[in-house]
Amino acid sequence: MENLIALLIAAPLLGAALLLTGGRRLDSVGHWIGTLLSATSFVFGVILFADLLGKDAEHRTLTQHLYTWVPVESFQADVTFRLDQLSMTFVLLITGVGSLIHLYSVGYMEHDERRRRFFGYLNLFLAAMLLLVLADNYLLLYVGWEGVGLASYLLIGFWQHKPSAATAAKKAFLVNRVGDMGLSIAIMLMFTTFGTFAFGPVLGSVGDASEGKLTAIGLMLLLAACGKSAQVPLQSWLGDAMEGPTPVSALIHAATMVTAGVYLIVRSGAIFNAAPDAQLVVTVVGAVTLLFGAIVGCAKDDIKKALAGSTMSQIGYMILAAGLGPIGYVFAIMHLVTHGFFKAGLFLGAGSVMHGMNDEVDMRKYGGLRTYMPITFVTFGLGYLAIIGFPFLSGFYSKDAIIEAAFAKGGTQGWILGGVALLGAAITAFYMTRVMLMTFFGEKRWQPDENGNEPHPHESPSVMTIPMIVLAVGSVGAGFFFHLGDRFLNWLEPVTGHEEGNSPVGAGAITAATLVLLVVGAGIAYLQYGRKPVPVTAPRGSLLARAARRDLLQDDFNHVVLVRGGEHLTRSLVYVDHTLVDGVVNGTAASFGGLSGRLRRLQNGFARSYAVSMFGGAALLVAATLLMRAV
Amino acid sequence: MSFPLLTATAVLPAVGAIATAAVPAARRTAAKWLALLVSLATLALAIVILVRFDPGGARYQLTESHAWISAFGVRYELGVDGIGVALVALTALLIPFIVLAGWHDADPLETGSKRWRPTQGFFALILAVEAMVIISFEATDVFLFYIFFEAMLIPMYFLIGGFGDRAHEHGEEAASTQRSYAAVKFLLYNLVGGLIMLAAVIGLYVVAGNFSLQEIVQARANGSLHMATSTERWLFLGFFFAFAVKAPLWPLHTWLPNAMGEATAPVAVLITAVVDKVGTFAMLRFCLQLFPEASKWATPVILVLALISIVYGALLAVGQRDIKRLVAYASISHFGFIILGIFAMTSQGQSGATLYMVNHGISTAALMLVAGFLISRRGSRLIADYGGVQKVAPVLAGTFLIGGLATLSLPGLAPFVSEFLVLVGTFTRYPAIGIIATFGIVLAALYTLVLYQRTMTGPVKPEVTAMPDLRARELVVVAPLIVLLIFLGVYPKPVTDIVNPAVKQTMSDVHQTDPKPEVEAAK
């Protein structure tokens, strides 16, 4: 059965190879090839899942060793895959949601002349993402890690004739590379500490290593996670990444790739468990990003950027939970899965809206769309209810569990983290209600564009609505399904471990507080965007609102410090290299051993002088050796 | 006596060079084909060497030894270890691509004169360089090595100065001035390095009484040859200086951007992917083996210079306006990694450095040759003159991107494996240096992606709208290189298997063992 694992990756990889090298003759069928191979991978995933379910909980780890990859003395990297409950969960999410989004893209990208290439990139993404979660060592994981980064780069910049798209793609890759430095250094630290970087040996011998080393490894892994999962301070790329086609935003920048950081931390749980300082930093990063993303989400008028802020914030919840250790790991992954459903659904809904609105993304130019696109409205609405944590929908179970776990950390930290998580829930309710109201309710606010084309909003074709409906079902039911009989907990516990914390506040009280805050957040949004008409041009807004629109000024900071500073640095270095280094070395060389005369003659272009000098040198050699023999 | 395979691999291109040069003026296409066939035949011989070489066998294999200038103990001694085999194979592999990519490079020089035969000359010079580089990788006699190490400058000088790039923003005449300047600078720098090495070669003879690498190493190991500490250090410096110029190491690097900028793309590849490798190769073979104690003595300074090369080269690459100079500075950064790996004195560092030499050769060839195809279409080297090429020539843009991704060491492509090995090999002994070197991976992404963005994406510039996509000949050049980059990224074991035993030997020459992991050391 374990031989099937490689096929999970092979199917989409084959698709990518076919579609990217196949040429125009595949243009007419390329999208179906891509979708079919994605679905094939999903089927393999389901077969393996059934196989795992048939085994008892402690024996649900399959490994497949393919070959030795890089062997240099004690440095041994293998291509080995590991399928356990954690990676299985991801495999189903990636291939399941991935296949739905492939299907959706068949419709969404119908009029794009480069659709074949788009599906090639999507397949490439799937293969890399599966490699990331199936790798049995950190170096192989790194290949998947950067592979998804490459796919993300290619897809954000898919419409690369737009300079903004090309810039956004480059920015995403660069910011991620900063995170990759963290992963590189973490692997090097593992190698010097444990002599290996395979999961089993590293995570199994954590007890032998010093806490200082483990803390350093943990922090470097966190840096990597911050890059990939758009956590503060490496979050700046995610908003710009919305330049990519919307199915890409749904799959890569909401449901799967951006959650890889959470996977990395949960997978490395044993390291973090033994490094409480690193854990504390993880929770702080999660808590800060949770608020950061939520605040940014409140201020954006671009529907995709509002959702991107939300993604950042929701992943902040997951990172927070992962930082809590064994009381939070399971809930981090559970929220990751439910978020995969509702956020992918919300993005596909946004794409469906844009599809009907001539690619308009400004919510101030929407309004009242519920009557024009009822299926989109209902599916988006269910996703909305799920994300704000409406009782008994998916987000209600998964987010509540994280808030409870945060309180359960205990002490002052528990109160602060729990408080932040609660506050985040209120803000979530606010910004999501705002999106909902501005898009689907109120008066229609769209106008003909400068060419006189007025959008004619319409429902999307069924190839697009079917995936949205499926995801809506997941948004509604997944949480309850996972929660019932602690199914998800029991499934994942053998890998991640689990502890019940002791919360100073009762679970009931937390749920009640969450619900009250939900009503408050949604209520404020209703008063502002439901009762009053929405102006088509944004009001100036408060200082905070203006800062939030500019992603809380982080880009401005980056621009001034890194971009400008870097430009000055490289420019002055070019000057220094040309004048100083070149000059000094030339000068030294010229004065060296009285060569200057010969140099000048050579500069006149007489290569003959060179020959002379060579013969001169040889003569010198002969003379010296003769002399030595004589002596 | 068995067939002298190593000699044949060098003699074949040398004879080929003479034959190519002798082709009559009217038959220049025949000269091109002849050069291509000779380079392919040389590749075939190199493959035979690769097959015959037994990684588990003696250190130097396929050896040949003949008395040459017996009065001075100079012998004609050849032999290859795993490192030499890998580099001979790399050289033989790249030359056919260089020949094919430069197919039309000499055409504009043709005047129809019967006496002036630029096409014949161009390809003959390339083959001459190949012959000399190959014998440098094979020579185990220091004097023999020195002769070819120096002699290869002559054909290189003419390739840069005589057959350089005609594209220049200030016109033909400016191009001609720049070209001679670059050629002379290349020659001067390497000449000074060579002369200093010559002094050290003489010094070595004075001390050791012969030029045989193996004999000297053996004599030093068993104590029959004693070298005073200061003598060893001076000799080391003399050798190292020449290799550092060739490699090139900061601050001796400034000739490379000129040379690579002014040469045509295939010749630029010849410089950085082939000829410069002799410098780093010689550090491993001669500096470390002949002068182990001095090598360790100099290590801290060399590591810092290598680190400066990595960061400085990358920053300078970011600031370039000229595509070819950008690639040149990127190479300086990459050579920093190679030298870092060599002097980190760990198995991972040195195996990584050797692998890096091979991978850098392939990846730079891919990137630079596609850049050359691009430049030949537009007649400009300036990045700002391009934009939106992806739209009109998607295959060209795609291959350029893959070459770029290899240059930034994307995991999955060959250079990642070598770069990570160098980093980890450095980190185990010098954590701080390893961490600073890691910044190189961010900077590499910056210069590569900025280059790609400015030339390939965005609105299509009017000047590039009619640009044709890659032609069949160009695709034949690029496709195999890309396949190799992917193959060696996914399965580098064939190369590491050959290289590892040689590195193990070198490590024991310098009396070094890998640091133990913390957990094991504690037990």
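Just so you know, the residues in each chain are numbered from 1, in the order the chain's sequence is written. A letter from A marks each chain and a number from 1 marks each ligand, given out in the order of writing. Predicted model: local features are reported for residues with pLDDT of at least 70 only, side-chain atom pairs are reported and counted for 80 or more only, and whole-chain, interface and lining totals are derived from all residues. Heavy atoms throughout the structure, all of them, feed into the side-chain values; hydrogens and water do not.

An unreviewed UniProt entry annotates chain B as NADH-quinone oxidoreductase subunit M of Streptomyces brasiliensis. UniProt positions are given in the numbering used here, feature names are shortened, and annotations may be inferred rather than shown by experiment. The Sequence similarities (unreviewed entry) field of the UniProt record for chain B holds the comment "Belongs to the complex I subunit 4 family."

An unreviewed UniProt entry lists chain A under the name NADH-quinone oxidoreductase subunit L, with Streptomyces brasiliensis as the source organism.

Undergrad: Whenever I open this one, the nonpolar core confuses me. Can you help?
TA: Taken as a class, soluble globular proteins show a tendency for nonpolar side chains to be buried jointly. Residues and elements named next belong to chain B. Counting residues in hydrophobic clusters, the biggest one holds 425 residues, and the most contacted among them are F239, F243 and F343. Helix and strand definitions here come from DSSP, where helices need a minimum of 4 consecutive H or I residues and strands a minimum of 2 consecutive E residues; each element is numbered from the N-terminal end. Top element by residues in this core is helix α11 (residues 265–290). It accounts for 18 residues. Those residues in contact with F343 that lie beyond four places of it in its chain are F236, F240, M283, L288, S295, T299, I302 and L303. Buried Ala, Val, Leu, Ile, Met, Phe, Trp, Tyr and Cys residues that are joined via side-chain atoms within 4.5 Å together make up what is termed a nonpolar core. When a residue's accessible area, from a 1.4 Å probe over protein chains only, is under 20% of the maximum for its type it is buried; when over 50% it is exposed; and in between it is partly exposed. What makes two residues a contact is simply this: any of their non-hydrogen atoms within 4.5 Å.

Undergrad: Explain the layout of surface pockets here, please?
TA: It is a probe the size of a water molecule, rolled over the atoms, that shows where empty space is left. Here the second largest pocket is characterised by a volume of approximately 1,400 Å³. Space inside and on the surface of the protein is sampled on a 1 Å grid over the protein atoms alone, with a cavity defined as a set of points where a 1.4 Å probe fits but cannot get out and a pocket as an open set with protein on both sides within 12 Å along at least 5 of 7 lines; lining residues have an atom within 4 Å of a point. Taken together, 35 residues form the lining of the second largest pocket, with L174, L562, V563 and G566 of chain A together with L446 of chain B sitting closest to its centre. Every element with two or more residues in the lining of the second largest pocket is listed here: α6 (163–194) and α23 (554–591) of chain A together with α12 (292–318) and α18 (431–456) of chain B. For the lining of the second largest pocket, the element with the most residues is α23 of chain A, which contributes 13 residues. Polarity classes work like this: nonpolar for Ala, Val, Leu, Ile, Met, Phe, Trp, Tyr, Cys and Pro, charged for Asp, Glu, Lys and Arg, and polar for all others, with Gly in that last group. Grouping the amino acids of the lining of the second largest pocket by side-chain chemistry returns 18 nonpolar, 10 polar and seven charged. Grid points are joined across faces, edges and corners, and a volume is the space filled by probe spheres set on the points.

Undergrad: Sorry, what's going on with the pattern of salt bridges here?
TA: Close approach of charged atoms lets side chains of opposite charge pair. One speaks of a salt bridge when a side-chain nitrogen belonging to Lys or Arg is within 4 Å of a carboxyl oxygen belonging to Asp or Glu. Per the counting criterion, the structure on display carries 28 salt bridges over all chains. Put simply, E518 of chain B and K213 of chain A hold a salt bridge, and the shortest N to O gap is 2.6 Å. Taken together, the residues span two chains, with E518 of chain B in helix α21 (residues 518–522) and K213 of chain A in helix α8 (residues 211–228). Note that D301 of chain A and R434 of chain A form a salt bridge whose closest N and O atoms lie 2.8 Å from each other. Of this pair, D301 of chain A sits in the loop between α13 (276–299) and α14 (303–323) while R434 of chain A sits in helix α18 (residues 411–440), placing them 133 residues apart in sequence. The two residues D301 of chain A and R434 of chain A agree in class, both being buried. Salt bridges sharing common partners tie together R82, D84, D136 and R267 of chain A.

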